[in-house]
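Okay, here's what each chain looks like letter by letter:
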Amino acid sequence: MSSSSPRTPHAFTAGMWTFGRIIDRYATDGYGPPVPTLKTIDLAAASGELAGLDLNYPFDEGVTVEEVGKALAGHGLAAVNITPVIYDRGFRSGSFTSTDPAVRKRAVDLAHESVDVARRLNARYVKFWPGQDGYDYPFQVDYATLRRHAVEGIRDVARNFPDVTFAIEYKLKEPRNRLFWSTAAASLLAIEQMGVDNVGLVVDFGHSLFAKENPAEALTLAHSMGRLVDIELDDNYREWDDDLTAGALHLVETLEFLHVVREIGWEHPLKLDLFPYRENAGEAVRESVATLRALDDKAARLPLEELRAAQAVHDAMAVQRIVRAALLG
C-alpha cells in the first residue's frame, strides 16, 4: 500500500493581526493594549514558528515601508502579501461597491498604494478582503449594480498591474450580513467574469466551514480552475468565524484538507488566520503548528492505493476505516 511521497514539511506564516490588539463589539476597548506595527513583527518572530506575515496596510502613522522591511529582515521573516484595509469605518457602506464614487476611488487608490508596498517588500501578492462589500437587508441593494461594482472595481485594478498577483478572500458574512464574495463557487464565478489572469482566491479553512462548504472540496475547486493563490488555516463551530487554533474542532476535515494540499502539490507556506482573544498569541501559533504538523504526518501516511480504490466506488465505510486507522491507530 503506497503512501504520499515524503517531502519537506510545510513552513507556516500568519496574519499580523494575530499579534495585535483584538476587539469585538462588546470589549470595544480591546482584550489587550494597542500593539504597534513593528511590535507585531517582533511578537510574530518570537513565536518561533513563522516564516512570514500577511501585512495590513496602511501601517501605523509614521511607520515607513523601509522600517517594516528592516524589521522583517531582522527576524528573517518574509512579507507574504499586503492586505489593504478596505473594511474599516471609512468603508462602512462598501469599498469597491460603495454608492459614492469618491469612496470607490479611495478603495482603488489604496489598492494601488498596496501594490507599490508589495513590490517594495517583495510580497507574493496583494489580498483583498472586501468585508464591507455586501448588504444587510432585503431590497437594500440592486444586486446587478452591486455585482458590477464588485467585479469591475477589482478587475480594473488587476488590469492596471498585469504583473502583480491579486487574491480575494471570500467569507459568507461579517461585518455585513451578506457579503458579495461569499462562497468559493460564487467568488470563482465572479473572478471568471473579470476576464483577467492575475486574480485568484484565498481559501480559508474556517471561512469555508462557515459557508457550509467542505473545505477540501473548495480547495480542489479553486485549484482545478487555476485560481488558488493562498491557503489559510484555523477552526470554528461553523456558525461564526471564530478563528480558533487549527484542528481545535474539526480533525477529520483538517486531515482531509491537508491530504488535498498534498495531492495538489502545494509548495507555498500555509498561513494561520487566528484571533486569540484571551490566549497568548505565540502559544496559539505554536499549538496550531504542532497540530498541523501532526495531522500532515498522518496525511503523509495514508495508504493512497487503498484510499483511491475506496473512493472509486464511493465506499464510505472503507474510507472511515482508513481515516480511523490514521487518526486513532
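In the block above lies the structure referred to throughout.
Parameters and conventions
Residues numbered from 1 in each chain as written. Predicted model: local features only at pLDDT ≥ 70, side-chain atom pairs only at ≥ 80, totals over all residues. Heavy atoms only, no water. 1 Å grid on protein atoms, 1.4 Å probe; cavity = no way out; pocket = protein on both sides within 12 Å on 5 of 7 lines; lining within 4 Å. Points joined across faces, edges and corners; volume = space filled by probe spheres on them. Helix = DSSP H or I, 4+ residues; strand = E, 2+ residues; numbered from the N terminus. Nonpolar A, V, L, I, M, F, W, Y, C, P; charged D, E, K, R; others polar. Axes fitted to C-alpha atoms, helices over the stretch in contact; angles between N-to-C directions. Parallel < 35°, antiparallel > 145°, perpendicular 65-115°, else oblique. Left-handed = near helix turned anticlockwise from the far one by under 90°. Contact = heavy atoms within 4.5 Å. Expected span 1.5 Å × (residues − 1). Buried < 20%, exposed > 50% of the residue type's maximum accessible area, 1.4 Å probe, protein only. Polar contact = N/O pair within 3.5 Å; in protein donor to acceptor, adjacent residues only side chain to side chain. Pairing = 2+ DSSP bridges.

A.B. asks: Could you give an account of the layout of surface pockets, naming the residues involved and the relevant values?
C.D. replies: Approximately 350 Å³ is the volume found for the second largest pocket. If you go around the second largest pocket, you meet 18 residues; those closest to its centre are E256, H259, L307, Q311 and V319. Contributions of two or more residues to the lining of the second largest pocket are made by helix 7 (215-224), helix 8 (251-263), helix 10 (304-312) and helix 11 (316-328). The residue makeup of the lining of the second largest pocket, split by class, is nine nonpolar, four polar and five charged.

A.B. asks: Which residues make up the packing of helix 4 (residues 143-160) against helix 5 (residues 184-194), and what are the values?
C.D. replies: The axes of two packed helices give the description: the angle between them and the distance between them. At a minimum axis separation of 9 Å, helix 4 and helix 5 run at an interaxial angle of 55°. Taken together, the axes of helix 4 and helix 5 lie oblique to each other. Judged by the sense of rotation from one axis to the other, the crossing of helix 4 with helix 5 is right-handed. Across the interface between the two elements, R147, V151, I154, R155 and R159 of helix 4 pack against A190, Q193 and M194 of helix 5. For the contact of helix 4 with helix 5, the per-class residue count stands at four nonpolar, one polar and three charged.

A.B. asks: Outline helix 9 (residues 281-300), supporting the account with residue identities and numerical values.
C.D. replies: Here helix 9 spans 28 Å end to end across 20 residues, near enough to the 28 Å set by a 1.5 Å rise per residue. The set of residues buried in helix 9 consists of A281, G282, A284, V285, S288, V289, T291, L292, L295, D296, A299 and A300. With a side-chain oxygen lying 3.0 Å from the backbone nitrogen of G282, the N-terminal cap of helix 9 falls on N280.

A.B. asks: Just give me the short version of the sheet that holds strand 10 (residues 270-272), but keep the residues and values in it.
C.D. replies: The strand order 1-2-3-4-6-8-9-10 describes a closed barrel built from eight strands, whose pairing is parallel. This sheet shows a mean twist of 30° between the axes of neighbouring strands, independent of strand direction. Direction of pairing for strand 2 (residues 52-57) relative to strand 3 (residues 78-84): parallel, over a ladder of six bridges. When the bridges of strand 3 are listed, L55 appears paired with I82. Here helix 9 sits on the sheet in contact with strand 1 (12-15), strand 9 (228-233) and strand 10, set at roughly 145° to strand 10.

A.B. asks: I'd love a proper account of the environment of L121, names of residues and values included.
C.D. replies: Position of L121 among the secondary structure elements: in helix 3 (residues 101-121). The exposure class of L121 is buried, given its relative accessible area of 13%. Linking L121 and V65, residues 56 residues apart in sequence, is a C-alpha distance of 7.6 Å. The contacts of L121, once residues within four sequence positions are left out, are L55, F59, V65, V68, G69, A79 and I82.

A.B. asks: Can you explain unusual backbone geometry? Please cite residues and give values.
C.D. replies: Note that the residue after Y57, namely P58, is joined by a cis bond; omega there is 10°. Position of P58 relative to the elements: it lies in the loop between strand 2 and helix 2 (65-74). Note the cis peptide between E174 and P175, where omega equals 5°. Note on placement: P175 falls in the loop between strand 6 (166-169) and strand 7 (178-179). Here N122, not a glycine, exhibits a phi torsion of approximately 60°, which is positive. Relative to the helices and strands, N122 is located in the loop between helix 3 and strand 4 (125-128).

Nothing here speaks to function; it is geometry throughout.
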